[in-house]
Amino acid sequence: MPYNIVLGDITYFKCDAIVNAANSSLLGGGGVDGAIHRAAGKGLLEECRKLGGCKTGQAKITGGYKLPCKYVIHTVGPVWRGGSNDERELLYSCYINSMKLAKEYNCESIAFPLISSGIYGYPKRRALETATDAIRDFLADNDMEITMVLYERMNMQEDRRFNSLDDVIKRNYIETDPVRLNTLIIQDVGLSSQPKKKHSGGFWGLTSSKSSSECEDSAELPRSDLVLNKAKVNSLSEALDKIDESFTEMLMRKIDEKGLTDPQCYKRANIDRKLFSKIRSDKFYKPSKQTVIALAVSLELSVDETKEMLMKAGYALSHSSKFDIIVEYFISGGVYDIYEINEALFEYDQKLLGA
Ligand code: APR
């Protein structure tokens, strides 16, 4: 996934380069700086001594030493002084300069802490917004696996964007009590333990004169009045010829209708290029639910179009899933910024969109 958000300690994160929120001396300190130096060992400090410090907004690189990464990129974030001293521009430069340096050293993956949001006092949500802006801009023209490693969850109440989402989840989320849910499934789709009913109209709208047990016994469905979605067909092979548009076919059709290029589509979907080309080259590709929804967001589909695309991949939206409720909330509100949706999914400890 081009941009992911995880909760954890960056000193354990395995990738090509981790970023250190340092101070201008580069000689260590508290917070994540202290943690990185402790984990890397004294070799890191010895190399930092030779760098001659670093200006705010700039970045310098050293080896990773005992850390599970090849490099440490040290950047100095701005101290928060109320927001009118170029704090945003300087923080944005920290991210951009760190990613450019990682690219210069052929890194394919990089992990950030939330720079300046600790000792330097930058409000966490604003810090995350600026980080996301810089990462989005960099990924528009570059391929790299970028991870934001948050040390603690953000405080939702700080951000009014999520207040109504909280209400929507409370109002719609159905606790998935397995017994209750199971009963519901049995009742809803007629899979009751009662004796098998005459086979009438299953998933494909197939109707036949034989009972379902006879159908299950015979290799072929009866030839008499096999109807597939109102089109009369005389054999299973003919029925399969009339199969609906596949997920991939709908995806390609929608990309054309929206006038998007492939890169525009997969970058807006937070999907990497290789996966996209796999989908494009396989008419019957079976994507994950997150991938389908990420592409629906990228194409700015309506809720109904999203449900149609999900169905073609064998999925549905359900109110027994917080993930589905959150995604439906943003799509029905016309918010198609996948990074913003992922921040909300992260807050509710859900899988993120993209792949
Ligand atoms: N892994 C990931 N994130 C961490 C870790 C860790 N091990 N430890 C702290 N953090 C988070 C903090 O919770 C905060 O959200 O990193 C973010 C940045 O906090 P600081 O480390 O305090 O960095 P910053 O706010 O940029 O202040 C830099 O602090 O450490 C000193 O020498 C550093 O003087 C400099 C100042």
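Engineer: Is there a simple way to explain the overall build of the protein chain in this structure?
Structural biologist: Secondary structure assignment for the protein chain yields 15 helices and eight strands. A buried classification covers 44% of the 355 residues belonging to the protein chain. Contacts in the protein chain between residues at least 24 apart in sequence constitute 64% of all its contacts with a sequence separation of at least 6.

Engineer: Would you mind going over the packing of helix H12 (residues 289-298) against helix H14 (residues 322-332) with me for this structure?
Structural biologist: When two helices pack together, you describe them by how their axes are tilted relative to each other and by the distance separating the axes. Interhelical geometry of H12 versus H14 gives an angle of 10° and a closest axis separation of 11 Å. One finds that H12 runs roughly parallel with respect to H14. Residues Lys289, Gln290, Ile293 and Val297 of H12 lie in contact with H14, whose contacting residues are Phe323, Asp324, Val327 and Ile331. A class-by-class count of the residues in the contact of H12 with H14 yields five nonpolar, one polar and two charged.

Engineer: Whenever I open this one, the site of the ligand confuses me. Can you help?
Structural biologist: Near the ligand lie 23 residues; those nearest to it are Gly30, Val32, Asp33, Ser117 and Gly118. In this structure, an oxygen atom belonging to the ligand sits 2.7 Å away from a main-chain N or O atom of Val32. Here an oxygen atom of the ligand and a side-chain polar atom of Lys124 are 3.1 Å apart. In the complex, 92% of the free accessible area of the ligand, which totals 680 Å², lies under the protein chains. By residue class, the composition of the shell around the ligand is 11 nonpolar, eight polar and four charged.

Engineer: What should I look at first to understand helix H1 (residues 31-40) in this one?
Structural biologist: Turn by turn, an α-helix covers 3.6 residues, leaving residues three or four places apart pointing in a common direction. Listed in full, the buried residues belonging to H1 are Asp33, Gly34, Ala35, Ile36, His37 and Ala40. Downstream of H1 by one or two residues, Gly41 has phi in the positive range, about 95°.

Engineer: Quick question: what am I supposed to make of the pattern of salt bridges here?
Structural biologist: Two side chains that carry opposite charge are able to pair once their charged atoms sit near each other. Counted according to the given criterion, the structure contains 17 salt bridges. A salt bridge links Glu245 to Arg253, with the nearest nitrogen and oxygen atoms 2.6 Å apart. What makes Arg253 partly exposed here is its relative accessible area of 30%. Among the ionic pairs, Lys254 bridges to Glu257, the shortest N-O distance being 3.2 Å. Taken as a pair, Lys254 and Glu257 lie in helix H9 (residues 247-258) at a separation of three residues, close to a single helical turn.

Engineer: Sorry if this is basic, but what is going on with the sheet that holds strand E6 (residues 145-150) here?
Structural biologist: Across a sheet, strands are paired by hydrogen bonds formed along the backbone, either parallel or antiparallel in direction. Strands sit in the order E1-E6-E5-E2-E4-E3 across an open sheet of six strands; the sheet is mixed. Each of the sheet's edge strands pairs with one partner strand only, and the pair in question is strand E1 (3-7) and strand E3 (59-63). Across the sheet, the axes of successive neighbouring strands diverge by a mean angle of 25°, strand direction being ignored. Pairing of strand E5 (residues 109-112) with E6, which is carried by four bridges, proceeds in the parallel orientation. Bridged to Phe112 within E6 is Met148. Seen against the sheet, H1 touches strand E2 (15-22) and strand E4 (69-76) and runs at an angle of roughly 130° to E2.

Engineer: Would you take a moment to explain the confidence of the model for the protein chain for this structure?
Structural biologist: Interpretation of the predicted coordinates at a detailed level should be avoided for regions scoring low in pLDDT. Model confidence for the protein chain is summarised by a mean pLDDT of 85, while 81% of its residues fall at 70 or above. Confidence drops under a pLDDT of 50 for residues 179-226, and excluding neighbours within four residues, the segment shows 53 contacts in the predicted structure.

Engineer: When you look at the pairing of E6 in this model, what are you seeing that I'm missing?
Structural biologist: In summary, the side chains of a regular strand alternate between the two faces of the sheet. Counting buried positions along E6 yields five of six residues, so the element is predominantly enclosed. Here five bridges tie E1 to E6, and the two strands are oriented parallel to one another. For Tyr3, the partnering residue across the bridge sits in E6 and is Ile146. After leaving E5, the chain enters helix H4 (residues 124-141) and then returns to the sheet as E6, a path that is right-handed.

Engineer: Got a minute to help me understand a nonpolar patch on the surface in this structure?
Structural biologist: A grouping of Leu236, Leu240, Ile243 and Phe284 is seen on the molecular surface, where their side chains present a nonpolar patch of about 380 Å² in accessible area. Inspection of the secondary structure assignment puts Phe284 in the loop between helix H11 (273-280) and H12.

Rules and cut-offs
- Residues numbered from 1 in each chain as written.
- Predicted model: local features only at pLDDT ≥ 70, side-chain atom pairs only at ≥ 80, totals over all residues.
- Heavy atoms only, no water.
- Helix = DSSP H or I, 4+ residues; strand = E, 2+ residues; numbered from the N terminus.
- Buried < 20%, exposed > 50% of the residue type's maximum accessible area, 1.4 Å probe, protein only.
- Contact = heavy atoms within 4.5 Å.
- Axes fitted to C-alpha atoms, helices over the stretch in contact; angles between N-to-C directions.
- Parallel < 35°, antiparallel > 145°, perpendicular 65-115°, else oblique.
- Nonpolar A, V, L, I, M, F, W, Y, C, P; charged D, E, K, R; others polar.
- Near = heavy atom within 4 Å.
- Polar contact = N/O pair within 3.5 Å; in protein donor to acceptor, adjacent residues only side chain to side chain.
- Areas by Shrake-Rupley, 256 points an atom, 1.4 Å probe, with all protein chains shown as cover.
- Salt bridge = Lys/Arg side-chain N within 4 Å of Asp/Glu carboxyl O.
- Pairing = 2+ DSSP bridges.
- pLDDT = per-residue confidence, 0-100.
- Right-handed = clockwise from strand over helix to strand, strands pointing away.
- Patch = residues over 30% accessible without salt bridge, like charges linked within 9 Å, V, L, I, M, F, W, Y side chains within 5 Å.

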